[in-house]
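Spelled out from the first residue to the last, the chains are:
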Amino acid sequence: MNEEPPAPREAAATLRSLLAFEDGNAVRLLYAPAAPDTVVRRIAVGLDDLDDPDGLRNLEGLGDLDIPHGLDEPDDLGRGQGPGSSPRPGPSPGPGPAPGPGSGSGSGSGPDPESGSGSGPAPGSAVGPGSASGPGPKPGPDPGPDPGPGHPAAGGVLLLAVGAAPDAGTVREAARRGACAVVLGDTGEEVTGQGVTGPVQAARETGVALLARAEGTGWAEAAALLRSALSYVRAGRADDAGALRGPETAPSLAVLAARVAADVKGSITIEDTRLRVLAHSATGPGADPLRRTVILGGRVPDWRVAELRRSGLLRALWTSEDVIHRPADGDNPERLVVAVRSGREVLGSIWAAADGAALAPDAARHLRTAAGLAAPLLVRERLSESGTAHRREAALRGLLHGLGDRRTHAWSLGLSPDAPCAVVVAERRPGARADDRALDVLALEISAHRPGTGILRGGDRLALFLTGGAAAADHAGAVLGVVRELDAVVSSLPGAPAVWLGVGPVVTPERADLSYGRAGLVVRALREREARASAAGRPRPPRYADAAGAGAALEVLRILDAARPVWESGSGPVHDLIRADLAAGGELVRTLAAWFDAGGDVPEAARRLVVHANTLRYRLGRVRERYGVDLDDPDARLLLTLAARLVPPEES
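Residues numbered from 1 in each chain as written. Predicted model: local features only at pLDDT ≥ 70, side-chain atom pairs only at ≥ 80, totals over all residues. Heavy atoms only, no water.

*Asks:* Hey, could you run me through the overall build of the protein in this one?
*Replies:* Across its full length, the protein carries 23 helices and 17 strands. Counting across all 652 residues of the protein, residues that qualify as buried make up 46%. Residue pairs at least 24 apart in sequence account for 66% of intrachain contacts in the protein once pairs closer than 6 positions are excluded. About 31200 Å² of surface is accessible on the protein, with carbon and sulfur atoms providing 54% of the total. (Helix = DSSP H or I, 4+ residues; strand = E, 2+ residues; numbered from the N terminus. Buried < 20%, exposed > 50% of the residue type's maximum accessible area, 1.4 Å probe, protein only. Contact = heavy atoms within 4.5 Å. Areas by Shrake-Rupley, 256 points an atom, 1.4 Å probe, with all protein chains shown as cover.)

Structure follows, in structure tokens:
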């Protein structure tokens with residue numbers, strides 16, 4: 001009896017990889033799944049498509065689902081099945097109960113997602129209310145009858161809830177039928193609301209991921225973009241061995257580099273337009289020192305880039321559509337290079353170098369073929385990198401500013417809920433010179449030595465989000481050590497530009513906004529401390545500190561921030577004095593601030609203001625005579641002290 005060959009192993013994508021790829025063009029994440037990540041094998045359109053093995057329902061009105069980027073999709077695109085899905089088995093299932101809604105790998109947290117095993121979810125995975133796999137989320141409403149034969153549970157399916165109400169009922173029903181993620185069509189407040197009857201609460205109870213269709217995106221476009229992402233991600237997860245069977249496909253840049261190296265009889269590097277090495281073939285014993293330097297450094301050295309520019313090779317590479325030959329020169333072996341293009345856009349380049357022997361006679365032909373095969377892989381690399389960076393930045397911004405669902409932001413960054421983290425704020429003097437690159441240097445320094453650090457730049461401020469696996473106390477010490485090194489880097493720059501570094505407390509990811517806020521307060525305290533030291537003629541204090549190093553100034557700033565709204569809404573003689581004097585230039589405000597900082601010592605305050613002591617006494621007399629403010633009254637003195645501290649430095 002002839003046995004049918006086993007079906008090819010289905011490559012699976014994950015929700016995180018899809019979101020990183022499509023870059024928010026189609027959907028945005030509202031609530032992350034309970035599992036660390038979720039396997040996605042198919043895009044379903046409408047609730048009925050979850051139970052429909054052929055996905056023939058609910059596509060009416062979607063319109064043309066052509067996939068962007070010129071992908072050739074299989075004929076099943078018109079159905080509910082995602083591109084690249086394995087064909088459904090022909091024979092109908094035999095007698096016996098159908099799998100329950102909680103079976104399969106809907107959460108993606110079971111065994112190897114690509115193994116195709118039918119084992120249930122692992123402990124702690126997100127399963128729907130209908131699951132019978134032991135303890136889990138609170139049971140939801142009665143799941144109703146099983147889908148029955150011919151309607152298997154939809155494990156690993158991302159549902160586009162076309163035609164369904166954007167409410168908790170839709171989320172629970174999708175989870176009951178085995179969906180691992182649900183995209184709702186409404187992005188209004190009723191979707192993002194946190195009430196007990198809202199969709200977010202339903203997602204929290206069932207463990208599924210909740211997403212919303214991006215504003216201005218139709219269902220057809222959302223389906224096309226997500227299926228395009230699924231196709232690209234799956235292509236990157238294909239079996240490398242299978243991809244070597246023919247020259248027309250390549251699953252990854254690494255496999256392509258190895259294959260081309262064998263064809264051209266040399267060494268291969270594949271680089272992007274910034275001359276960063278994305279993939280390379282194995283390095284043989286005869287490899288030249290330059291190739292070793294490029295591979296070890298992950299990019300072409302600056303001196304080499306300058307040389308390529310001077311020789312005109314880079315210009316020729318980006319403008320020519322053919323293979324460029326560079327003959328051997330001294331220790332540099334013969335090289336061939338070709339640009340990789342998508343249409344007229346240059347995506348990168350492929351370099352072939354002789355590795356101890358001459359290149360193959362037809363090496364140029366193989367490079368031309370490789371350039372065509374590399375184009376879609378470089379597109380995927382660029383889009384995936386861009387999408388990942390964009391989503392990481394959005395998630396980091398949400399955590400630092402306390403916006404949106406913080407648990408979801410932490411999930412997007414790949415952080416566990418109890419991971420220790422701390423925020424460092426680096427701030428330069430406002431209005432710094434145009435050539436002040438201190439913050440750029442700090443960003444490069446932290447990227448080189450702690451590549452996992454989150455970096456958020458805004459104007460004169462740089463926020464660094466440092467995470468670690470150590471205990472909170474150990475992490476705090478490690479962060480302070482990093483800050484000392486960064487301060488030393490800035491101090492060594494020409495002109496030693498002024499950059500203050502504030503360290504926030506160690507917290508969990510969901511409280512990152514607290515660490516960010518305290519780090520900003522530390523920076524303000526450091527700047528004020530330095531200003532007072534400068535006015536008093538004292539040596540410059542350190543420009544970095546944590547909360548303990550900032551001392552009482554930190555609490556004073558918190559009190560001042562709390563008092564600011566009360567002050568701004570008040571009235572009376574002190575308010576009249578401050579407002580009138582600021583309008584006239586702020587001379588009295590500066591005088592009062594110096595007098596208070598000197599503890600009421602007139603000669604010392606006059607020295608700080610570089611005026612005669614009698615001049616200072618005359619100004620204090622004007623406060624009493626013109627505005628009727630008694631400086632001997634403790635309450636008036638306290639209010640004046642607060643007012644002088646609350647006035648922004650640029651106003652006084």
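*Asks:* I keep staring at the sheet that holds strand 2 (residues 27-31) and nothing clicks. Help me out?
*Replies:* Across a sheet, paired strands are connected by hydrogen bonds in the backbone, their directions being either parallel or antiparallel. Across the sheet, which stays open at both edges, the five strands sit in the order 2-7-6-5-4 with mixed pairing between neighbours. One side of each edge strand has no neighbouring strand; the edge strands of this open sheet are strand 2 and strand 4 (42-45). When the angles between neighbouring strand axes are averaged without regard to direction, this sheet yields 25 degrees. (Pairing = 2+ DSSP bridges. Axes fitted to C-alpha atoms, helices over the stretch in contact; angles between N-to-C directions.)

*Asks:* Explanation requested: the side chain of Q201 in the structure shown.
*Replies:* Mapped onto the fold, Q201 is located in helix 5 (residues 199-206). For Q201, a relative accessible area of 16% gives the class buried. A polar side-chain atom of Q201 sits 2.8 Å from a polar atom in the side chain of R204. (Polar contact = N/O pair within 3.5 Å; in protein donor to acceptor, adjacent residues only side chain to side chain.)

*Asks:* How should I be thinking about the sheet that holds strand 16 (residues 499-503) in this particular structure?
*Replies:* Sheet architecture is open: five strands sit in the order 14-15-13-16-17, paired in mixed fashion. At either end of the open sheet lies a strand with only one pairing partner, and these are strand 14 (454-458) and strand 17 (544-545). Bridge count for strand 14 against strand 15 (residues 461-467) is five bridges, and the pairing is antiparallel. When the bridges of strand 15 are listed, L456 appears paired with A463.

*Asks:* Is there a simple way to explain the pattern of salt bridges in this structure?
*Replies:* For side chains bearing opposite charge, pairing can occur when the charged atoms are close. This structure, assessed with the given rule, holds 29 salt bridges. The shortest N-O distance in the salt bridge between R16 and D37 comes to 3.5 Å. Highlighted residues: R16 in helix 1 (residues 15-22) and D37 in the loop between strand 2 and strand 3 (39-40), separated in sequence by 21 residues. The exposure class assigned to R16 is partly exposed, which follows from its relative accessible area of 25%. Since its relative accessible area comes to 18%, D37 is described here as buried. We note a salt bridge from R428 to D460, for which the minimum N-O separation is 2.9 Å. Of this pair, R428 sits in strand 13 (residues 421-428) while D460 sits in the loop between strand 14 and strand 15, and the two are 32 residues apart along the sequence. Using a relative accessible area of 12% as the deciding quantity, one classes R428 as buried. Using a relative accessible area of 25% as the deciding quantity, one classes D460 as partly exposed. Salt bridges sharing common partners tie together D48, E173, R176 and R177. (Salt bridge = Lys/Arg side-chain N within 4 Å of Asp/Glu carboxyl O.)

*Asks:* Just to check I follow, could you spell out the side chain of T14 for this structure?
*Replies:* Along the chain, T14 turns up in strand 1 (residues 13-14). Under the relative-accessibility criterion, T14 is labelled buried at 14%. Within the local environment of T14, its side chain forms a polar contact with the side chain of D37, the two groups lying 3.3 Å apart.

*Asks:* Would you mind going over unusual backbone geometry with me for this structure?
*Replies:* In most cases, non-glycine residues show a negative phi, while peptide bonds are predominantly trans. At K265, a residue that is not glycine, the phi angle is positive and equals roughly 60 degrees. Examined against the element boundaries, K265 turns out to sit in the loop between helix 8 (253-264) and strand 8 (266-272). Judged by its relative accessible area of 54%, K265 is exposed. One non-glycine residue, A496, lies in the positive phi region at around 40 degrees. With respect to the helices and strands, the residue A496 is situated in the loop between helix 15 (472-491) and strand 16. We classify A496 as partly exposed; its relative accessible area is 37%.

*Asks:* Looking at this structure, I do not really get the packing of aromatic side chains. What am I missing?
*Replies:* Note on aromatic pairs: each is described by the distance of the centres and the angle between the planes. Under the counting rule described, the total for this entry stands at one aromatic pair. Between W595 and F596 the ring centres are 5.5 Å apart and the planes differ by 40 degrees, which places this aromatic pair in the tilted class. Of the two residues, W595 and F596, neither departs from the other in class, the shared state being buried. In this structure, R213 is placed above the aromatic ring of W219, and the distance from its NZ or CZ to the ring centre is 4.6 Å. (Phe/Tyr/Trp six-rings, centres within 6.5 Å; stacked < 30°, edge-to-face > 60°. Lys NZ or Arg CZ within 6 Å of the ring centre and 35° of its normal.)

*Asks:* Before we go on, may I ask you to explain helix 16 (residues 512-536) in this structure?
*Replies:* Since one α-helical turn is 3.6 residues long, residues separated by three or four positions face the same way. Its 25 residues place the ends of helix 16 36 Å apart at the C-alpha level, agreeing with the 36 Å of an ideal helix rising 1.5 Å per residue. Phi turns positive, to about 75 degrees, at G537, one or two residues after helix 16. (Expected span 1.5 Å × (residues − 1).)

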